[in-house]
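Below, each chain spelled out in residue letters.
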Amino acid sequence: MTARTARILAGIAVAVVLLVVAAVVVVPRLRPPGPRPAFQLPVACGETWILGTYPGHDDYDIDFFPTSGSAWGRPVLASYAGTVTEAGVNGTLGSRTPQNPEGPHGTGAGYWVEIDHGGRWETQYLHLLEPPSVKAGDRVEQGHQIGRIGSTGKSGAPHLHYEQRRAGEKVESHFDGVPAGITTDDREYEVRHTSRNCRAAPD
């Protein structure tokens, strides 16, 4: 085999590898999203929560606050079944805790979780109190606890920042088949919803 033939064969092999990588990585991103999963609020069954936003928060981003009692340490639940794709730290944590609620805030999401629900649908859960109780690759069911509410990252007070994403783009969240009502961030406003994220009793 001549050196020229070897170079040609090597070039062909590289091209084949690139085509395979493109098929694995790019093609799934070109598929249209599937139907919206039957998402539920990411908080305990039967509780009513305030869902709010404010200017500069970004369209469709939701902050969850309880209507009564402290937010610190409240359970954060998976909105729908799926596979955890991210679970850890985004940005820096800061040092706001229940014992030091006015401590310096961090940057980014702090402790956070992202779940892939299939059909190119994802949810994100930000500013958790402590390391998530799940890890990347874990399968979770709807209502599975993935963490607790805190104020890590760029957060001014304990709350849950929540997003629903379709094909990588944020969209208005729906809960129990109903639009959440948090759309633009052109003003500060809030709505209230009661959670129906109620796991069925085991057989």
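Residues numbered from 1 in each chain as written. Predicted model: local features only at pLDDT ≥ 70, side-chain atom pairs only at ≥ 80, totals over all residues. Heavy atoms only, no water.

Asker: Please explain the pattern of salt bridges as it appears in this structure.
Answerer: Close approach of charged atoms lets side chains of opposite charge pair. Tallying each qualifying case throughout the model produces nine salt bridges. Between Glu130 and Arg148 there is a salt bridge, with its nearest N and O atoms 2.7 Å apart. A residue pair is termed long-range when its members are at least 10 positions apart, and Glu130 in the loop between strand E6 (121-128) and strand E7 (139-140) and Arg148 in strand E8 (residues 145-148) qualify at 18 residues. Exposure remark for Arg148: the relative accessible area of 31% places this residue in the partly exposed category. Here the salt bridges do not stand alone but share partners, grouping Asp58, Asp61 and Lys170 into one network. (Salt bridge = Lys/Arg side-chain N within 4 Å of Asp/Glu carboxyl O. Helix = DSSP H or I, 4+ residues; strand = E, 2+ residues; numbered from the N terminus. Buried < 20%, exposed > 50% of the residue type's maximum accessible area, 1.4 Å probe, protein only.)

Asker: What is the right way to look at the layout of surface pockets in this model?
Answerer: Picture a little ball the size of a water molecule; that probe, rolled over the atoms, points out where space is still empty. Computed from the structure, the largest pocket encloses a volume of approximately 220 Å³. Forming the walls of the largest pocket are 14 residues, and the residues nearest its centre are Tyr54, His57, His127, Lys154 and His161. Of all the secondary-structure elements, those providing two or more residues to the lining of the largest pocket are strand E2 (62-66), strand E5 (105-118) and E6. Classifying every residue of the lining of the largest pocket by side-chain character gives four nonpolar, eight polar and two charged. (1 Å grid on protein atoms, 1.4 Å probe; cavity = no way out; pocket = protein on both sides within 12 Å on 5 of 7 lines; lining within 4 Å. Points joined across faces, edges and corners; volume = space filled by probe spheres on them. Nonpolar A, V, L, I, M, F, W, Y, C, P; charged D, E, K, R; others polar.)

Asker: Is there a simple way to think about the state of the cysteines in this case?
Answerer: Put plainly, a disulfide is one covalent bond tying together the sulfur atoms of two cysteines. By the definition in use, this model includes one disulfide. One disulfide bridge connects Cys45 with Cys198, the sulfur atoms lying 1.9 Å from each other. Between Cys45 and Cys198 the disulfide shows an S-S torsion of about 75°. By sign, it is right-handed. In this pair, Cys45 is assigned in the loop between helix H1 (3-30) and strand E1 (48-53) and Cys198 in the segment after strand E13 (189-194), connecting sequence segments 153 residues apart. (Disulfide = S-S within 2.5 Å.)

Asker: I'm lost on the environment of Ser173 in this one. Help?
Answerer: Assignment of secondary structure puts Ser173 in the loop between strand E10 (169-171) and strand E11 (174-175). Ignoring any residue separated from it by four or fewer positions in sequence, one finds Ser173 in contact with Arg36, Ile62, Tyr162, Glu163, Gln164, Val178, Pro179 and Ala180. (Contact = heavy atoms within 4.5 Å.)

Asker: Looking at this structure, how should I read the packing of aromatic side chains?
Answerer: Aromatic ring pairs: the centre-centre distance and the angle between the two ring planes describe each pair. As enumerated under the stated definition, the model contains seven aromatic pairs in all. Ring geometry for Tyr125 against Tyr162: centres 5.4 Å apart, planes inclined by 75°, an arrangement best described as edge-to-face. A residue pair is termed long-range when its members are at least 10 positions apart, and Tyr125 in strand E6 and Tyr162 in strand E9 (residues 160-166) qualify at 37 residues. Classification of Tyr162 as buried rests on a relative accessible area of 0%. Between Arg187 and the ring centre of Tyr189, over which it is positioned, the NZ or CZ distance is 4.0 Å. (Phe/Tyr/Trp six-rings, centres within 6.5 Å; stacked < 30°, edge-to-face > 60°. Lys NZ or Arg CZ within 6 Å of the ring centre and 35° of its normal.)

Asker: Would you mind showing me how to read the environment of Tyr189 here?
Answerer: Position of Tyr189 relative to the elements: it lies in strand E13. In this structure, Tyr189 is in contact with Leu51, Gly52, Thr53, Gly181, Ile182, Thr183 and Thr184, ignoring residues within four places of it in sequence. Among the polar contacts listed, one links the side chain of Tyr189 to the backbone oxygen of Thr184, at a separation of 2.8 Å. (Polar contact = N/O pair within 3.5 Å; in protein donor to acceptor, adjacent residues only side chain to side chain.)

Asker: Please clarify how the nonpolar core should be interpreted in this entry.
Answerer: Burial of nonpolar side chains together is a common tendency in soluble globular proteins. If you look at the biggest cluster of nonpolar residues, it comprises 28 residues, and the most contacted ones within it are Leu51, Phe64, Val113, Ile115, Tyr125, Ile146 and Phe175. Among the secondary structure elements, those contributing two or more residues to this core are E1, E2, E5, E6 and E9. (Core = buried A, V, L, I, M, F, W, Y, C linked by side-chain atoms within 4.5 Å.)

Such coordinate-based values are descriptive only and should not be taken to indicate function.
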